[in-house]
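What the coordinates show
One letter stands for each residue in the lines below.
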Amino acid sequence: MNTRKLVYLFFSTLLIGSASGAIVGVLLDVETYFSGGILNFFFGLLWMLGMSAAISLVAQMGYFAYLTLQRFALGLFKSVKLWNRVQIVLILFVLFDLIYLRYVSFASEEETLLGYTVMPVLLLVYSAVVAYQKQRETNRETFFPAMFFMFVVTTIEWVPALTVDIVNDTKWLWIYVTPLLAANTWQLLILHRLTGVPQNNNS
């Protein structure tokens, strides 16, 4: 992994995260962006690109922190199978917290627990699909680490949005999570191509 590839990874991730967040932001609030003329659209889009870029930077820091954690955990547990089991437990724990804690913190009297289950389950399914693709391109032992990264690490990066009451609205949750998912998916699936070898158990 040379400097040129690191620079490519950084800027490509930044571009993908920024563009995805801006596109989703505009699509979810078309009336606001197109009702005030060309300048309103331009500055609104610029603001959305900037916010999405900042979120994608968080995703990049999270990915390198995850790679460090993966190395440390493999050294600590001395067994890939044991560490994978720990990751499964952590995935289930985060899934429960993502559903129940948000429900307890933000649900109104007329809202049900089921309504707070949709987004976490969709995130879990998406994480499994990306992890399966990672497994196909590398080896089967990368499935659970990839799923752990896509679900647990993305959720941790998503926490600032999840804990703010005014942001805890479906539209804004999607705007915040889209750059994270796009950036994390890209980083996870491009790294083994940049290094030229399968990332056995560590990506």
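This text follows the structure it describes.
Residues numbered from 1 in each chain as written. Predicted model: local features only at pLDDT ≥ 70, side-chain atom pairs only at ≥ 80, totals over all residues. Heavy atoms only, no water.

A word on the overall build of the chain
Where we set the bar: Numbering of helices and strands runs from the N terminus, with a helix taken as a DSSP run of H or I at least four residues long and a strand as a DSSP run of E at least two residues long. Radius of gyration means the value over C-alpha atoms here, while the globule rule gives 2.2 Å times the residue count to the 0.38 power. To sort residues, take the accessible area from a 1.4 Å probe on protein chains only and compare it with the maximum for the residue type: under 20% means buried, over 50% means exposed, and anything in between is partly exposed. Here a residue-residue contact requires only that any non-hydrogen atoms of the pair lie within 4.5 Å. Charge counting follows a simple rule: Lys and Arg are positive, Asp and Glu are negative, and His as well as the terminal groups are ignored. In plain terms, the charge of a residue is placed at NZ if it is Lys, CZ if Arg, CG if Asp and CD if Glu.
When helices and strands are counted, the chain shows 7 helices and 0 strands. By the compact-globule yardstick of 17 Å for 203 residues, the chain fits well, its C-alpha radius of gyration being 18 Å. If one aligns the C-alpha atoms of the chain with their principal axes, the spans along those axes are about 55 × 45 × 25 Å. By residue count, 43% of the 203 residues in the chain fall in the buried class. Of all intrachain contacts in the chain linking residues separated by at least 6 positions in sequence, the fraction that spans at least 24 positions is 72%. Charged side chains in the chain number 12 positive and 11 negative. The centres of these two groups are separated by 25 Å.

Description of the nonpolar core
Heads up, the condition is: Residue types Ala, Val, Leu, Ile, Met, Phe, Trp, Tyr and Cys, when buried and joined through side-chain atoms within 4.5 Å, form a set referred to as a nonpolar core.
Judged by nonpolar contacts, the single largest core of 40 residues is most densely connected at Tyr63, Tyr66, Phe149, Phe151, Trp158 and Leu188. Elements supplying a minimum of two residues to this core: helix H1 (3-28), helix H3 (37-77), helix H4 (80-106), helix H5 (118-137), helix H6 (143-162) and helix H7 (170-195). Counting residues per element, this core draws most heavily on H6, which supplies 12 residues. Leaving out residues up to four positions away in the same chain, Phe149 has contacts with Gly62, Tyr63, Tyr66, Thr154, Asn184 and Leu188.

Here's the deal with the packing of H1 against H3
Counted only if it meets this: Note on geometry: axes are C-alpha line fits, over the in-contact stretch for helices, and angles between N-to-C directions span 0 to 180 degrees. Under this scheme an angle from 65 to 115 degrees is roughly perpendicular, one under 35 degrees roughly parallel, and one over 145 degrees roughly antiparallel; angles in between are oblique. Each helix crossing is assigned a hand: it is left-handed if the near helix lies turned anticlockwise from the far helix by less than a right angle, otherwise right-handed if that turn is clockwise.
At their nearest, the axes of H1 and H3 sit 7 Å apart, and the two run at 135 degrees to each other. Between H1 and H3, the angle falls in the class oblique. Considering only the axes of H1 and H3, their crossing is right-handed. Side by side, H1 and H3 meet where Leu6, Leu9, Phe10, Thr13, Leu14, Gly17, Ser18, Ala19, Gly21, Ala22, Gly25 and Val26 of the first sit next to Phe41, Leu45, Met48, Leu49, Ser52, Ala53, Ser56, Leu57, Gln60 and Phe64 of the second.

With respect to the pattern of salt bridges
The condition that has to hold: The salt bridge criterion pairs a side-chain nitrogen of Lys or Arg with a carboxyl oxygen of Asp or Glu, the two atoms within 4 Å.
This structure, assessed with the given rule, holds 1 salt bridge. One salt bridge connects Arg193 with Glu137, and the closest N-O pair in it is separated by 2.8 Å. Linking Arg193 in helix H7 with Glu137 in helix H5, this pair joins segments that are 56 residues apart in sequence. Residue classification places Glu137 among the partly exposed residues on the basis of a relative accessible area of 25%.

Observations regarding the layout of surface pockets
Inclusion rule: Buriedness for pockets is judged along seven lines, at least five of which must meet protein on both sides within 12 Å for an open set on the 1 Å grid over protein atoms alone, while cavities are sets there where a 1.4 Å probe fits but cannot get out, and lining residues have an atom within 4 Å of a point. Grid points are joined across faces, edges and corners, and a volume is the space filled by probe spheres set on the points. Each residue is assigned to one class: nonpolar for Ala, Val, Leu, Ile, Met, Phe, Trp, Tyr, Cys and Pro, charged for Asp, Glu, Lys and Arg, and polar for all the others, Gly among them.
Estimated volume of the largest pocket: approximately 200 Å³. What lines the largest pocket is Phe93, Val94, Asp97, Leu98, Leu101, Arg102, Ser105, Phe106, Thr155, Val159, Leu162 and Thr163. Of all the secondary structure elements, the ones that give two or more residues to the lining of the largest pocket are H4 and H6. The residue makeup of the lining of the largest pocket, split by class, is 7 nonpolar, 3 polar and 2 charged.

Looking at H5
Since there are 3.6 residues in each turn of an α-helix, residues three or four apart along the chain are aligned in direction. Rules: Expected helix span is taken as 1.5 Å per residue step, with the number of steps being one fewer than the number of residues. Summarising the geometry, the arc corresponds to the directions from the helix axis toward the C-beta atoms.
Under the 1.5 Å per step criterion, the end-to-end length of H5 is 29 Å for 20 residues, consistent within 8% with the ideal 28 Å. Looking at H5, one finds that the buried residues are Met119, Pro120, Leu123, Ser127, Val130, Ala131 and Lys134. The arc enclosing the buried residues of H5, seen along the axis, measures out at 105 degrees, which places them on a common side. Away from the buried face of H5 by more than 90 degrees, exposed residues Val129 and Arg136 are located.

Examining unusual backbone geometry
The bulk of non-glycine residues show a negative phi, and the bulk of peptide bonds are trans. With phi around 60 degrees, Lys78 is a residue other than glycine that occupies positive phi space. For Lys78, the position within the fold is in the loop between H3 and H4. Using a relative accessible area of 70% as the deciding quantity, one classes Lys78 as exposed.

Some remarks on a nonpolar patch on the surface
For the record, the criterion: Residues qualify for a patch when their relative accessible area is over 30% and they have no salt bridge, like charges being joined within 9 Å and the nonpolar side chains of Val, Leu, Ile, Met, Phe, Trp and Tyr within 5 Å. The Shrake-Rupley method, run with a 1.4 Å probe, gives the accessible areas here. Residue values count only the displayed protein chains as cover.
Side chains of Ile38, Leu39, Phe42, Phe43 and Leu46 sit close together on the surface and give an oily, nonpolar patch of about 570 Å² of accessible area. Residue position: Ile38 is located in helix H3.

The quantities given are spatial measurements derived from coordinates; they are silent on function.
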